[in-house]
Amino acid sequence: MVFAAPGEALARAEDVLRSDPSPLDASVAHQVIGIWQRDFGDLAVALDHLRRARDFAARADSADREADVLAALGVALVHAGRTRQGLAALDRGVARGTGHTRARVLYRRAFAGWVLGRHRESLEDLRRAIPVLRQADDVIWTARALSVRATVHLAMGAVERADADFTAAELLWETTGQEHDKAVAVENRGLAAYRSGDIPAALRLLAGAKERYDELGTPSFMLYIARCDVLMAAGLAPEALAEADAAIVTLDRIGGQSTRKAELLLTAARSALSTGDAQTAIARAAVAVRLFSGQRRSWWETHARLVLIEARVAGGAASGRLVQDASAVADKLASFGAPAAPEASLLAGRIALALGWTADAERHLAVAARSRHVGPPLARMTGWAAQALRARAAGSRRGVLEACRRGLDVLDDHRMTLGASELRARATAQGAELAALAQQASLAHGGPRRLLEWSERWRATVLSAPPTRPPADPGLLASLTAFREIASRAEDARRQGRPVPALEREQRRLEREIRSRTHHIGGGAPGGGDRFDPVRLLDRLGEARLVELAVLDGRVHILLCGQGRVRRFEGGLLAEAAAEAEHVQAGLRRLAHPGAEGRLAVVEAAGRRLEELLLGAAADQLGSGPVVIVPPSTLHRVPWALLPSLRERVLSVSPSAGSWLRARETEPPPGGRHVLVRGPGLATEGAEVPEVAGHYATATILEHDDVQVPRVLEELDGAALAHIAAHGTFRADSPLFSSLRMADGPLIVHDFERLARSPYRIILSSCDTARLATVGADELLGLVTALLPLGTAGVVASSAPVNDAAVVPLMLALHKGLGAGLSLAEALRDARSALPGDALHQATGWAFAAFGAA
């Protein structure tokens, strides 16, 4: 019962011990309590009960009873880090048991072998146990044995064999009442989905397993480890680190298994390394190495040593000793048949290259490169990264570009299996090195057009295809509705000065639930999304110029596209430009309030400095036509209209040249519906909306009680133009919860992603609606980037807080231009020039930008 109804089994065992039981019954009761404490509680308490169970079994003079207890005790001792004693107990159990009981003991020894990383020994014990268990028609123990065999196969990289065993085990579990074991089966399916590269399915299954464990009240630290691994693969390493550290605290508090603590420390080290925190990774990995060593778990210890070396290299270390250490780890992992062996060879090759040891580097990289054709996507990317580094060391530009292309193709296919835009964006970080290698090779040996192609190859790729629409998931819709209600109540409480901690906790819980559900959405077939074509771009530009800013080795390179060619100019340092942009943003925030006129000269001077850094000599080559700026993600907050050479121009901004092309070629929807939304709480009460309505023959106006999120979304879907005057909030911590305030609560990015087609043109007359979060390799998440893949061809939005009163004349002038047939960029240029010349209105004009091409 202990894995069918754990709580009930524990209570009944305690009842038996209170009833003066026979030695045989006492042995069983103590064993049940020992197993419960071993797997769900205090390991020291577990060992005490299991030793008593062993002693009572000896008094009962039952060899099979004693063998069964020795097996449970042996597993507990292994989990406590007492490997030699644990294996000795298991060996005695095998010797004492007979027939069916002996097969059950062999299964437990195989389980211990998996925990210890002794996979071949584990498979041998299972080979002997499974036929006997099947012959005895022992469904429960056969299913357990198949599950462990599958897990061993996964550890050795044999995913198909693991899938077969997991499937067979799950069919058996469905015939039983073993609820905890069934939860483990769901967890195992999630692990198998992760190893086969299906991240959304893995997250969904692991969430399902957690629900089952929570219902049973049985914590599973293996689940935390599996979930952290999947979160890292999804690009959510900070969340993985927080979850691993929290699990370690919980495990220490209950006195849980030492083996699981070591594994969680290794997981935390990997997570910290993925976040770029080398020192935390070193600290966690060093403790994991010591624990694994003391537990005699060589397989695990070797994996921890790999992470420790990777963290030291990430921290700036490079030496011949590290090459030797990485090489030794690679050899040992290969001897284990571990899938991580190519990663260690790649690491040894990298360090050798940094030291100039080309022969050693070639030897290690050649080994790592063998993995480029087999295994899950991220393993194949390891192989292509090794191949690219080999080609660079050999001086083969063509070889570098081919390896980078093939590796990024693998990652493209992997990204398209992800339905959530956040996961697609974050996954690009895993291709950053390949993209950088290709850009460097193009800069050194190719022309500007080749550099443009590679700059586009890994820029704003999340916009190349729309995210998968969330399914008609009642749970997701209910969570979104509850989130809006709680967020609205919290906002009202803040305005009234009432405490809000409880509401904020519930809001954060609902945010986690919404985010989790969207992460479970699978993507489409591999190969989706557009590929950038520079010839098509140059043809569509006409008299316009497109300025794409590429960043290589910390310096900005300006790629000026137009008149049928691409030219390259050198700009300044990215760090200096980013710092200057922050100074400008601070100045604009000050200028949004009356009385800050003295800051205007400072902001204008910063604009001149930004032009020197970001446009350089290209500023004199822009011609007289429209200009499209394509900045890297780190410069998305630059107010481009502030730069002197751009102030009087028709100016638009785009996350990539490819997304500008798609916007340029997007057709407006039939019908030409216009929707005007006036949200609550504005200082001007959205004063521009009634006047704007006069520019259009027919317009739907939503205001007062009509400004409810469901109604707003219904009207926005497929509209030709939408104007939303509402308070905007940017969430740097969770950009897809950036919002516009409606009467019933926030309208968030996740809501926009449910539209069948977002408005062709959308004007966000709100603060901070153009602010975006930088994630992945060169990706942006926020309101604007959510709209562009969904059918929106043009957006006007603000990158800074703005003065509500000063926005009104800007919006009226903007719509006057649109009514005359101008594009958003043209109308915004004319609207700026029509504003009064005081600092407040000038700053308001600079804060707004036109995105896209409509």
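Before any of the text, the structure's been laid out above.
Description of the structure in this document. (Residues numbered from 1 in each chain as written. Predicted model: local features only at pLDDT ≥ 70, side-chain atom pairs only at ≥ 80, totals over all residues. Heavy atoms only, no water.)

A short note on the overall build of the protein
Counting its secondary structure elements, the protein contains 37 helices and 16 strands. In terms of overall size, the protein behaves like a compact globule, its C-alpha atoms giving a radius of gyration of 31 Å where 854 residues would be expected to give roughly 29 Å. On the principal axes, the C-alpha backbone points of the protein span a range of 100 × 65 × 45 Å. Split into buried and exposed, the 854 residues of the protein put 58% on the buried side. Within the protein, contacts between residues separated by at least 24 positions form 70% of all contacts whose residues are at least 6 apart in sequence. Summed over its atoms, the accessible surface of the protein is roughly 32,600 Å², and 50% of this surface lies on carbon and sulfur atoms. Within the protein, the 99 negative side-chain charges are centred at a point lying 5 Å from the centre of the 103 positive side-chain charges. (Helix = DSSP H or I, 4+ residues; strand = E, 2+ residues; numbered from the N terminus. Rg over C-alpha atoms; globule rule 2.2 N^0.38 Å. Buried < 20%, exposed > 50% of the residue type's maximum accessible area, 1.4 Å probe, protein only. Contact = heavy atoms within 4.5 Å. Areas by Shrake-Rupley, 256 points an atom, 1.4 Å probe, with all protein chains shown as cover. Lys, Arg positive; Asp, Glu negative; His and termini not counted. Charge placed at Lys NZ, Arg CZ, Asp CG, Glu CD.)

Description of the side chain of serine 738
With respect to the element layout, serine 738 can be found in the loop between β9 (728-729) and β10 (739-742). At 3.0 Å, the side chain of serine 738 forms a polar contact with the backbone nitrogen of arginine 731. Aside from chain neighbours lying at most four places away, what touches serine 738 is Thr729, Phe730, Arg731, Leu747, Ile748, Val749 and Leu783. (Polar contact = N/O pair within 3.5 Å; in protein donor to acceptor, adjacent residues only side chain to side chain.)

Description of the packing of aromatic side chains
Counted according to the given criterion, the structure contains eight aromatic pairs. Ring geometry for phenylalanine 3 against phenylalanine 40: centres 6.3 Å apart, planes inclined by 80°, an arrangement best described as edge-to-face. Taken together, the residues span a long stretch of sequence, with phenylalanine 3 in the segment before α1 (6-17) and phenylalanine 40 in helix α2 (residues 23-40) at a distance of 37 residues. You can call phenylalanine 3 buried: its relative accessible area is 12%. Its relative accessible area of 6% is what places phenylalanine 40 among the buried residues. Here the aromatic cluster, defined as three or more aromatic residues joined through ring pairs, consists of Phe3, Trp36 and Phe40. The ring of tryptophan 141 carries arginine 144 above its face, with NZ or CZ at 4.8 Å from the centroid. Here the basic side chain of arginine 372 rests over the ring of tryptophan 384, its NZ or CZ set 5.3 Å away from the ring centre. (Phe/Tyr/Trp six-rings, centres within 6.5 Å; stacked < 30°, edge-to-face > 60°. Lys NZ or Arg CZ within 6 Å of the ring centre and 35° of its normal.)

Quick look at unusual backbone geometry
A positive phi angle, close to 55°, is found at aspartate 61, a residue other than glycine. Note on placement: aspartate 61 falls in the loop between α3 (43-59) and α4 (63-79). A positive phi angle, close to 50°, is found at aspartate 553, a residue other than glycine. Inspection of the secondary structure assignment puts aspartate 553 in the loop between β1 (545-552) and β2 (555-562). Under the relative-accessibility criterion, aspartate 553 is labelled exposed at 69%.

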